Amino acid sequence: MLLSWFETNKTLPEARELTYAEFPLKFVWKKQLKRWEKRRTSVFSNGRIFFVPPGTGELYYLRLLLNVIKGPKSYDDLKRINNHNYLTFRDACYALGLLDDCKEYVDAIKEAKAELTNDELKNHCLQKLEKVLKSCGRSFHDFPTMTIPLYNEEEVDHSNRLIYDELRYNRHSLLEEHQQLLMNSTVEQKSVYDKIMRAENDAKGQFFFLYGYGGTGKTFIWKTQSSGIRSRGDIVLTIVSSGIASLLLPGGRTTHS
Ligand SMILES: Nc1ncnc2c1ncn2[C@@H]1O[C@H](COP(=O)(O)OP(=O)(O)OP(=O)(O)O)[C@@H](O)[C@H]1O
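In this text, all values refer to a predicted model and were calculated from it rather than measured experimentally.

A separate point is the packing of aromatic side chains. Across all of its chains, the model carries eleven aromatic pairs by this definition. Judged by centre distance (4.9 Å) and plane angle (50 degrees), the rings of Trp5 and Tyr20 are tilted. Of this pair, Trp5 sits in helix α1 (residues 2–11) while Tyr20 sits in the loop between α1 and β1 (27–30), and the two are 15 residues apart along the sequence. Owing to a relative accessible area of 0%, Trp5 belongs among the buried residues under this scheme.

We now examine the nonpolar core. By size, the foremost hydrophobic cluster in this structure holds 21 residues, and its most contacted members are Leu2, Trp5, Phe23, Leu65, Leu66 and Leu78. Not counting residues up to four positions away in its chain, the partners in contact with Leu78 are Phe6, Leu62, Leu65, Leu66, Ile69, Pro72, Phe89 and Ala92.

At a minimum axis distance of 10 Å, the contact between helix α9 (residues 187–201) and helix α10 (residues 218–231) shows a crossing angle of 40 degrees. When the axis of α9 is compared with that of α10, the two are oblique. Here α9 runs over α10; the crossing is right-handed. Where α9 abuts α10, its residues Gln189, Val192, Tyr193, Ile196, Met197 and Glu200 lie against Phe220, Ile221, Trp222, Thr224, Gln225, Gly228 and Ile229. Of the residues in the contact of α9 with α10, the class split is eight nonpolar, four polar and one charged.

Two residues of an α-helix separated by three or four positions point the same way, owing to the 3.6 residues in each turn. Between the first and last C-alpha of helix α8 (residues 171–184) there are 20 Å, a value that for 14 residues agrees with the 20 Å anticipated at 1.5 Å per step. Buried within α8 are the following residues: Leu174, His178 and Leu181. Across the axial projection of α8, the buried residues extend over an arc of 70 degrees, all falling on one side. Opposite the packed face of α8, turned more than 90 degrees from it, sit the exposed residues His172 and Met183. Structurally, α8 contributes buried residues whose contacts are with α9 and α10.

Scoring rules and cut-offs
- Residues numbered from 1 in each chain as written.
- Predicted model: local features only at pLDDT ≥ 70, side-chain atom pairs only at ≥ 80, totals over all residues.
- Heavy atoms only, no water.
- Phe/Tyr/Trp six-rings, centres within 6.5 Å; stacked < 30°, edge-to-face > 60°.
- Helix = DSSP H or I, 4+ residues; strand = E, 2+ residues; numbered from the N terminus.
- Buried < 20%, exposed > 50% of the residue type's maximum accessible area, 1.4 Å probe, protein only.
- Core = buried A, V, L, I, M, F, W, Y, C linked by side-chain atoms within 4.5 Å.
- Contact = heavy atoms within 4.5 Å.
- Axes fitted to C-alpha atoms, helices over the stretch in contact; angles between N-to-C directions.
- Parallel < 35°, antiparallel > 145°, perpendicular 65-115°, else oblique.
- Left-handed = near helix turned anticlockwise from the far one by under 90°.
- Nonpolar A, V, L, I, M, F, W, Y, C, P; charged D, E, K, R; others polar.
- Expected span 1.5 Å × (residues − 1).
- Arc of directions from axis to C-beta.

From the geometry alone we can't say anything about function, so treat these as descriptive.
Here it is as C-alpha cells:
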C-alpha cells in the first residue's frame, strides 16, 4: 500500500496534496488490483496507520513522517526536508522539529561541546545520568562495567535527593490546583479529605485505608490531599506498589525505589 501510494503520487497531482494518513479521504485501496484509485463517492473515511512503538527505531520515525509529509514519490522523498537529503527517518523528523525533546538535549550538548573537551563533556553527561539514576534509587556503581562519573569535591551533592525533589514543587501552582480539586470534590470525597487532613494537621500519625469501586475517585482524593500538603511546603511521600500506579500520582514512587 505504501509503495503504491508513492506510485499514485507520481502520476496524480491531487494525490500529492494528502499525507498517507489522509489518503483514504480521496482515494480507495483496491485490494484485488493492489493499487489506490480515486474515490467516486464522498463517503467520509479516515486512515489509520498501525501503531508502532518508539522502541522500533526507524519504523517509528517513518510512521511519524507519514502523518505530516505530503506527496512523496519514494522513501528518499520522505527523508528530503527543505531540499536537504537526510540519511535516516529519524534525522528527517528531527529537522522537521517532530522530536522537540531530543532537539533540546542535542542542542544543549552541542552548546556544551563548544566550551568543553571531549572528556569533560563525557563526564558531564555521566554526572547528569547519575542524577537520573539516583532519582530511581540506582547508581552507576550498580553496573560494574559502566564508567563512573568523576566529581570535584565542590561538585559532590551531599543533599538528600528525596527531600530536595519534594521541596522544589511550585507551591503557587499547587495551591491553585488544590483549590480547584477541592472545589470539584463530592461531599463524600470532601468528608474523607477533611478526616485525613485533620489527622495530618493534628500530627496524630493515623493510618487510613481508603477503598471503593474502581473509578470512584480514590486517586482524586490523594491528589487533593498531596497538593494541599505540598502547597504548604510540607513533604508527602506518595508510595505505591507498582511502577504503572506510580505514574497516576504526582511524585509517585514504588516502595522499592
Ligand atoms: N470530584 C471529581 N470531580 C471531577 N472528576 C473526578 C472527581 N472524582 C474523580 N474524578 C475523575 O474520575 C476519574 C476516576 O477517578 P480516580 O482515578 O480518582 O478513581 P479511582 O477510584 O482511583 O480509580 P481506580 O480504583 O480504578 O484507580 C478520574 O479521571 C478523576 O479525575
